[in-house]
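One-letter residues, chain by chain:
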Amino acid sequence: MNYVIVVDSGCDLVNFPECENIIFERAPLTVRVGVKEYIDDFNLDIDGFMNDMQNCTTTTGSAAPSPDVWYKAYKKADNAFAITITSSLSGSYGSAVTAKNMLLEEAPDKNIHVIDSLSAGPELTVLLYKLTEYIKEGLSFEEITRKITAYKENTGLGFMLESLDNFVRNGRVNKYVGKITGVLGIRIIGRASADGQLEVVHKSRGKYLEQLVNMIINDGYKGGRLVIAHCYNREGADKLSELLKERFKDCPVEIMPTSALCSYYAENHGLLIGYEKCSPA
């Protein structure tokens, strides 16, 4: 059986796993900064994008991939899985479902499953890795769907943000809250909630990395797979990795830079952590 796994650019992963019967595709979102639009594909100049974003004084926003992008990706294999950024931040999930329905009208024997990650960034990477493992095990499409659905219930996302400017610009955060965060040097520590909202847990002025570690441990992390994505903050990501390995000596940690979309939300020095809450069955 051949498979295609399609992720939108809410996933930061650039180097996909190797598997002879899996095609990996990326459906890029578009990020708007003032009058400029950036397609969040692998050719995007992140440095130039971030520079424009920091100098922007007008509106910013993002647009989901069109159903046609998903449709063309699904057609590349008999069995398709899609993983999208949380539907609370983007219409990407809805677009992926629309494409699924379009293709199934033409080819009802196709197998297509769309996963709303209810998250962003590295949690999508964690889901992609596990989905790849299930496919490599030779399981049926139905069994893979059942297992990845159960696995999704035991993954999480934590984050640390130094700035909320873009959340303010697109109306997701009160202007006053955004202002005091920047002026007072407060770090926002939070997580993705069960319904895919970004939930603030702490407002910190010190030991914020320790608070971030404690938060994900309290959420059920026990030393399993963990991915850190950073926006121009490799030093912070390395320190975070060290703190985790002090608690869980052999925990597997992977570090990568954020995509343009996740850089847009994380902003400079932001950190995102995707993790398994417990060992899957």
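Enquirer: Would you take a moment to explain the overall build of the protein chain for this structure?
Expert: Helices and strands together make up the secondary structure of the protein chain, namely ten helices and 13 strands. In terms of overall dimensions, the protein chain is globule-like: its C-alpha atoms have a radius of gyration of 18 Å, near the 19 Å expected for 281 residues. In terms of its C-alpha atoms, the protein chain occupies a principal-axis envelope of roughly 55 × 50 × 30 Å. Across the 281 residues in the protein chain, those meeting the buried criterion constitute 51%. Long-range pairs, those at least 24 residues apart, make up 74% of the contacts in the protein chain with a sequence separation of at least 6. Of the accessible surface of the protein chain, which amounts to about 12600 Å², a share of 48% is contributed by carbon and sulfur atoms. Considering the protein chain, the positive charge centre built from 30 side chains and the negative charge centre built from 37 side chains are found 6 Å apart.

Enquirer: Is there a simple way to think about helix H8 (residues 208-218) in this case?
Expert: Every α-helix winds through 3.6 residues per turn, so residues three or four apart in the chain are directed the same way. Within H8, burial applies to Leu209, Leu212, Val213, Met215 and Ile216. All buried residues of H8 project into a common sector of 160° when viewed along the axis, lining one side. Contacts made by the buried residues of H8 are with strand E8 (155-161), strand E9 (187-192), strand E10 (198-204), strand E11 (226-230), helix H9 (234-247) and strand E13 (271-276). Taken from the residues just after H8, Gly220 is the one with a positive phi, measuring 115°.

Enquirer: Teacher, can you tell me more about the sheet that holds strand E1 (residues 3-8) here?
Expert: Sheet strands line up and pair through hydrogen bonds in the backbone, either parallel or antiparallel. Pairing within the open sheet is parallel, and its four strands lie in the order E2-E1-E6-E7. Looking along the sheet, the strands with just one partner apiece sit at the ends: strand E2 (22-27) and strand E7 (111-116). Between one strand axis and the next, the sheet turns by 15° as a mean value, whatever way the strands run. Here six bridges tie strand E6 (residues 79-84) to E7, and the two strands are oriented parallel to one another. Residue Ala82 lies in a different strand from E7, and its bridge partner there is Val114. Packed on one face of the sheet, helix H3 (residues 92-106) meets E1, E6 and E7 and runs near 170° to E7.

Enquirer: In this structure, what is going on with the packing of helix H2 (residues 67-74) against H3? I would like to understand it.
Expert: Angle between the axes and distance between the axes are the two parameters that describe a pair of packed helices. Where H2 meets H3, the closest approach of the two axes is 8 Å, and the angle between their N-to-C directions is 50°. Judged by the angle between their axes, H2 and H3 are oblique. In terms of crossing hand, the pair formed by H2 and H3 is right-handed. Where H2 approaches H3, its residues Pro67, Trp70, Tyr71 and Tyr74 are matched on the opposing element by Ser92, Ser95, Ala96, Thr98, Ala99, Lys100, Met102, Leu103 and Glu106. Considered class by class, the residues forming the contact of H2 with H3 number eight nonpolar, three polar and two charged.

What counts and what doesn't
- Residues numbered from 1 in each chain as written.
- Predicted model: local features only at pLDDT ≥ 70, side-chain atom pairs only at ≥ 80, totals over all residues.
- Heavy atoms only, no water.
- Helix = DSSP H or I, 4+ residues; strand = E, 2+ residues; numbered from the N terminus.
- Rg over C-alpha atoms; globule rule 2.2 N^0.38 Å.
- Buried < 20%, exposed > 50% of the residue type's maximum accessible area, 1.4 Å probe, protein only.
- Contact = heavy atoms within 4.5 Å.
- Areas by Shrake-Rupley, 256 points an atom, 1.4 Å probe, with all protein chains shown as cover.
- Lys, Arg positive; Asp, Glu negative; His and termini not counted.
- Charge placed at Lys NZ, Arg CZ, Asp CG, Glu CD.
- Arc of directions from axis to C-beta.
- Pairing = 2+ DSSP bridges.
- Axes fitted to C-alpha atoms, helices over the stretch in contact; angles between N-to-C directions.
- Parallel < 35°, antiparallel > 145°, perpendicular 65-115°, else oblique.
- Left-handed = near helix turned anticlockwise from the far one by under 90°.
- Nonpolar A, V, L, I, M, F, W, Y, C, P; charged D, E, K, R; others polar.

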